[in-house]
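# A structural walkthrough
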Amino acid sequence: MILVYVLFLFSVPAFVDMVHSVLYLIAVAILSFIVIRRELAPEASERAFMAKWIEKRKRSVHVNGLINAGLTFVTMAASIFIVPFIVDGRLMEWSALSAGQWTVIVLFLAVFSLAPGYVSVWEREKRYDKLVVKHERMRKHAEGDG
């Protein structure tokens, strides 16, 4: 199924007229590489996740949630500005917006970044718990066989 999605994403420039299709293809290639690598080597992905999350979970839920919300904010803001550039070849005129419009955009992005930021912490904690249980079962199984 992942291969179908990857092929679809690589075929989009054939159907949609893009000014900077090379940038789009580079982004799709990078993301495809990451996803395929995770699928082909899940154990390595699990080890890397566990090593990072063991350290990150020492911080409070709110610190992790706000950090992830900030990353979501940056991603959404970049998307707002990068997608029109890739498709139409135009950059948003920074000076064309009033201070009130900028305030509305920033507040909108900030509010809608909070939920994914906190949900990602919850999801990572669930993934961590599942991996701990999995590794504990594997350890007990190995001890029972030895």
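The structure contained in this document is the topic of the report that follows.

What counts, and at which threshold
Per chain, residues are indexed from 1 in the order of the written sequence. Where local features are concerned, this predicted model is filtered to residues with pLDDT of at least 70; where side-chain atom pairs are given and counted, the filter is 80 or more; whole-chain, interface and lining totals use all residues. The side-chain values count all of the structure's non-hydrogen atoms but skip hydrogen atoms and water molecules. Only runs of H or I of at least four residues qualify as helices and only runs of E of at least two qualify as strands under DSSP, and these elements are numbered from the N terminus. Expected span of a helix: the number of residues minus one, times 1.5 Å. The angle separating two fitted axes, one through the seven residues that finish at a residue and one through the seven that start at it, defines the bend at that residue. Stacked, edge-to-face and tilted labels apply to pairs of Phe, Tyr and Trp rings (six-membered ring for Trp) whose centres lie within 6.5 Å, assigned for plane angles under 30 degrees, over 60, and everything in between, in that order. Residue exposure (1.4 Å probe, protein chains only): buried if accessible area is under 20% of the type maximum, exposed if over 50%, otherwise partly exposed. Only when the NZ of Lys or the CZ of Arg is both within 6 Å of the ring centre and within 35 degrees of the ring normal is a charge said to sit over the ring.

Right, let's talk about helix α1 (residues 2–15) for a bit. Every α-helix winds through 3.6 residues per turn, so residues three or four apart in the chain are directed the same way. Taking 1.5 Å as the rise per residue, α1 with 14 residues should run 20 Å; its terminal C-alpha atoms sit 20 Å apart, in good agreement. At Leu-9, α1 is bent by approximately 25 degrees, the largest bend along its length, and proline Pro-13 sits one to four residues beyond.

Now for the packing of aromatic side chains. This structure, assessed with the given rule, holds three aromatic pairs. With a centroid separation of 6.3 Å and 10 degrees between ring planes, the pair formed by Phe-49 and Trp-53 is classed as stacked. Here Trp-53 and Phe-49 lie together in helix α3 (residues 42–56), a separation of four residues that amounts to about one turn. A relative accessible area of 3% places Trp-53 in the buried class. Where Phe-81 meets Trp-102, the ring centres are 6.1 Å apart and the plane angle is 25 degrees; that geometry is what we call stacked. Taken together, the residues span a long stretch of sequence, with Phe-81 in helix α4 (residues 61–88) and Trp-102 in helix α5 (residues 99–145) at a distance of 21 residues. When the ring centre of Trp-122 is taken as reference, the NZ or CZ atom of Lys-126 above it lies at 4.3 Å. Here the guanidinium or amino end of Arg-127 rests over the ring plane of Phe-49, the centre of that ring lying 4.2 Å away.

Honestly, it's all geometry; don't read function into it.
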